[in-house]
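Chain and residue survey
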Amino acid sequence: MAEDITPDRSTVQVLRDMANRLRIHSIRATCASSSGHPTSCCSAAEIMSVLFFHTMRYKQSDPEHPDNDRFVLSKGHAAPILYAAWAEAGDIRESDLLSLRKIDCDLEGHPTPRLSFVDVATGSLGQGLGAACGMAYTGKYFDKASYRVFCLLGDGECSEGSVWEALSFASHYSLDNLVAIFDVNRLGQSGVAPLEHCTDVYQRRCEAFGWNTHLVDGHDVEALCQAFWEATQVKNKPTAIIAKTFKGRGIPNVENAENWHGKPMPKERADAIIKLIESQIQTNKSLIPKPPVEDSPEISITDIKMASPPAYKVGDKVATRKAYGLGLAKLGHANGRVIVLDGDTKNSTFSELFKKEHPERFIECFIAEQNMVSVALGCAAHGRTIAFASTFAAFLTRAFDQIRMGAISQANINLAGSHCGISTDEDGPSQMALEDLAMFRSIPNCTVFYPSDAVSTEHAVCLAANTKGMCFIRTSQLETAVIYSPQENFKIGEAKVVRRGVNDRVTVIGAGVTLHEALAAADELSKQGISIRVIDPFTIKPLDGVTIISNAKATGNQVITVEDHYPEGGIGEAVCAAVSGEPDILVHQLAVSGMPRSGKPSELLDVFGISSKHIIAAVKYTLMN
């Protein structure tokens, strides 16, 4: 162990030389692509050298091995030095570095999981530490394994509040297998960072958040080796290493100079810069990383099935948010890697039902939705868990950037939003999700579930657990009748025709609360001799366009959509897109118009134009015109 604390002179020199080789790779790659961030790479060269070739334990030939230490490059713009480290480790050919940022190369401008050694996409700053928290939580509490998690942050991104959400989370859960390295190089994108080189302030702030901290010279490999070793000796606290560095380290007239962010070295200067750095390299040796401790459990998270059909009867009154919680608890018995996160709303989203039955797999993230999504991404990395994260759907909008980055990460996570639309209680518009469908529909490879009763909600939970990519489940607060039998089968992208007659004249499409309003309207219209067809889409993305079009043609090409959502980006626009190739189909959209206010759900549905009364009026208007 003494070698770990104080490496011998030979090892120290090799680490110094490796840092300079990483600098050279970064300068060459960004120069070849005529874009990139070589100065941000140069400040982190010694940190990366010590991490990858002295501290971290991993299999060079198997970057995805479940027992490897994890590394998250939160300052994703320094991607070239990450690629350089893996080139030196042997997973990337050095020649490939010169294809940086090219259309046919997976070495993108910022890291993405197109690469086997990247677990989560980074580049939108301030998010890497939250994902690292999820990995560390999984390692400590679910896998109970030896792997450690390292996250490299830039000082500029520490202005993001999500960084401090993550710092709070890691301390609260005593993540002593997590190390955050702050690359304090003084300079941001357009000027100096707010604290410049005041590393003592970073230290005091991290200590105030409950972290073990070390101040180091970020270009001193011996000091870095010592700090990383000391981090392994600390129990029940995460460790922050505050490294004072210089942006553009080693580049004459560029080191510590402003206005060099995101600029490659001019080609006419690059050769001279590289020769200067090469002149400081004294060895051509490399270091072999230590192998990991192989103690992660073998797991399976595929083909998960509920042990029994839904235990509801047609006519039962159950809110879909409660059915979501009951479905989660049931799913937790089906697979031991199902985990649930919540943002201090578990008694409203009903995720508390999962916590009651599986307390060891429930993560309270408190009121920090951005961090909750990032933690879920980290928990799901390496395929170690099936993660469900829930809160009010309205509050997920503040985490849109984390959700967007989750899609770029190709993450398999499930998000659930309750209290959708105006059919919530009298809390008012701040609690009403009216933009969430538009948000999640815009996310690539995202499946959007909008179940309308307890049976379909339970099926949505199980389907989401087995679906690749991101899933969103939209749940309602109101208790509504169960309309499907326990034996009903549900598939993604397959709508249900819940009311049908031979003389149907209009097709009405609703989901959640508005499906029940549509059924009520159908009952009343039937008394007046008007027959309508009612469709439950079940998934808004992918939408079952085939069923919608065929039923629209069977009902005179007349369609009415009704939704508890703003018109923009919701069910109506999804249906319009689906039928756009059918010029004879006319779509009349009912949606929440204007800014809602407090009131009883029944009053609000009526005032804002999506109640059964308005559906009846829309049907009659459609038939008259």
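Given the structure is predicted, the values throughout are model-derived calculations rather than measurements.

**Considering the side chain of Arg186**
Its place among the elements puts Arg186 in the loop between strand 3 (178-184) and helix 8 (199-208). A distance of 2.9 Å separates the side chain of Arg186 from the side chain of Asn256, its partner in a polar contact.

**Notes on the sheet that holds strand 8 (residues 362-364)**
Spatially, 8-7-9-10-12-11-17 is the arrangement adopted by the 7 strands of the open sheet, whose pairing is mixed. The open sheet has two edge strands, strand 8 and strand 17 (539-541), and neither has a second partner. On average, each strand axis in the sheet is tilted by 20° relative to the strand beside it, whichever way the strands run. Here strand 7 (residues 338-342) runs beside strand 8; their pairing, made up of 3 bridges, is parallel. For Val340, the partnering residue across the bridge sits in strand 8 and is Phe362. Docked against the sheet, helix 14 (residues 369-380) engages strand 7, strand 8, strand 9 (386-392) and strand 10 (413-418), running at close to 170° with respect to strand 9.

**Topic: the sheet that holds strand 14 (residues 496-499)**
Pairing is mixed across the open sheet formed by 5 strands, whose spatial order is 14-16-15-18-19. Two strands close off the open sheet at either side, each with one partner strand: strand 14 and strand 19 (586-590). Strand-to-strand, the axes of this sheet are offset by a mean angle of 25°, without reference to chain direction. Pairing geometry for strand 14 and strand 16 (residues 532-536), over 3 bridges, is antiparallel. Looking at the pairing, Arg499 lines up with Val534 of strand 16. Set on the sheet, helix 19 (residues 513-527) makes contact with strand 14, strand 15 (506-510), strand 16 and strand 18 (558-562); between it and strand 16 the angle comes to about 165°. Sheet strands in contact with helix 21 (residues 571-578) are strand 15, strand 18 and strand 19, and its direction is about 170° off that of strand 19.

**Considerations on the UniProt feature "domain: Transketolase-like pyrimidine-binding" (unreviewed entry) in the protein chain**
Per the UniProt record, "domain: Transketolase-like pyrimidine-binding" (unreviewed entry) is annotated on residues 318-482. As annotated, residues 318-482 has a helix share of 41% and a strand share of 21%, and its two end C-alpha atoms lie 7 Å apart.

**Describing helix 18 (residues 454-465)**
Helix length check: helix 18, at 12 residues, gives a terminal C-alpha distance of 17 Å against a target of 16 Å (1.5 Å per residue), a fit within 8%. Where burial is concerned, most of helix 18 is hidden: 11 out of the 12 residues are buried. For helix 18, the full list of buried residues reads Ala454, Val455, Ser456, Thr457, Glu458, His459, Ala460, Val461, Cys462, Ala464 and Ala465. Where helix 18 is buried, its residues touch strand 6 (317-319), helix 11 (320-334), strand 9, strand 10, strand 11 (446-449) and strand 12 (470-474). A distance of 3.3 Å separates the backbone nitrogen of Val455 from a side-chain oxygen at the start of helix 18, and that oxygen is part of Asp453.

**Let's talk about helix 21**
By the burial criterion, the buried members of helix 21 are Ile571, Gly572, Ala574 and Val575. For helix 21, the buried positions fall inside an angular range of 160° around the axis, keeping them on one side. Buried residues along helix 21 sit against helix 17 (436-441), strand 15, strand 17, helix 20 (545-554), strand 18 and strand 19.

**A short note on the packing of aromatic side chains**
Under the criterion given, the structure shown has 19 aromatic pairs. A ring pair is formed by Phe52 and Tyr58, whose centres lie 5.9 Å apart and whose planes are at 75°; its orientation type is edge-to-face. Classification of Phe52 by relative accessible area gives buried; the value is 1%. Arranged with centres 4.9 Å apart and planes meeting at 55°, the rings of Phe169 and Tyr173 form a pair that is tilted. Given the relative accessible area of 5%, Phe169 is considered buried. The buried category is assigned to Tyr173, whose relative accessible area is 13%. Grouping aromatic residues by their ring pairs yields a cluster made of Phe52, Tyr58, Phe71, Tyr83, Trp86 and Phe117. Directly above the aromatic system of Tyr147 lies the positively charged group of Arg70, at a separation of 3.6 Å from the ring centroid.

Reading guide: rules and limits
Residues numbered from 1 in each chain as written. Predicted model: local features only at pLDDT ≥ 70, side-chain atom pairs only at ≥ 80, totals over all residues. Heavy atoms only, no water. Helix = DSSP H or I, 4+ residues; strand = E, 2+ residues; numbered from the N terminus. Polar contact = N/O pair within 3.5 Å; in protein donor to acceptor, adjacent residues only side chain to side chain. Pairing = 2+ DSSP bridges. Axes fitted to C-alpha atoms, helices over the stretch in contact; angles between N-to-C directions. Contact = heavy atoms within 4.5 Å. UniProt positions renumbered as here; feature names shortened; annotations may be inferred. Expected span 1.5 Å × (residues − 1). Buried < 20%, exposed > 50% of the residue type's maximum accessible area, 1.4 Å probe, protein only. Arc of directions from axis to C-beta. Phe/Tyr/Trp six-rings, centres within 6.5 Å; stacked < 30°, edge-to-face > 60°. Lys NZ or Arg CZ within 6 Å of the ring centre and 35° of its normal.

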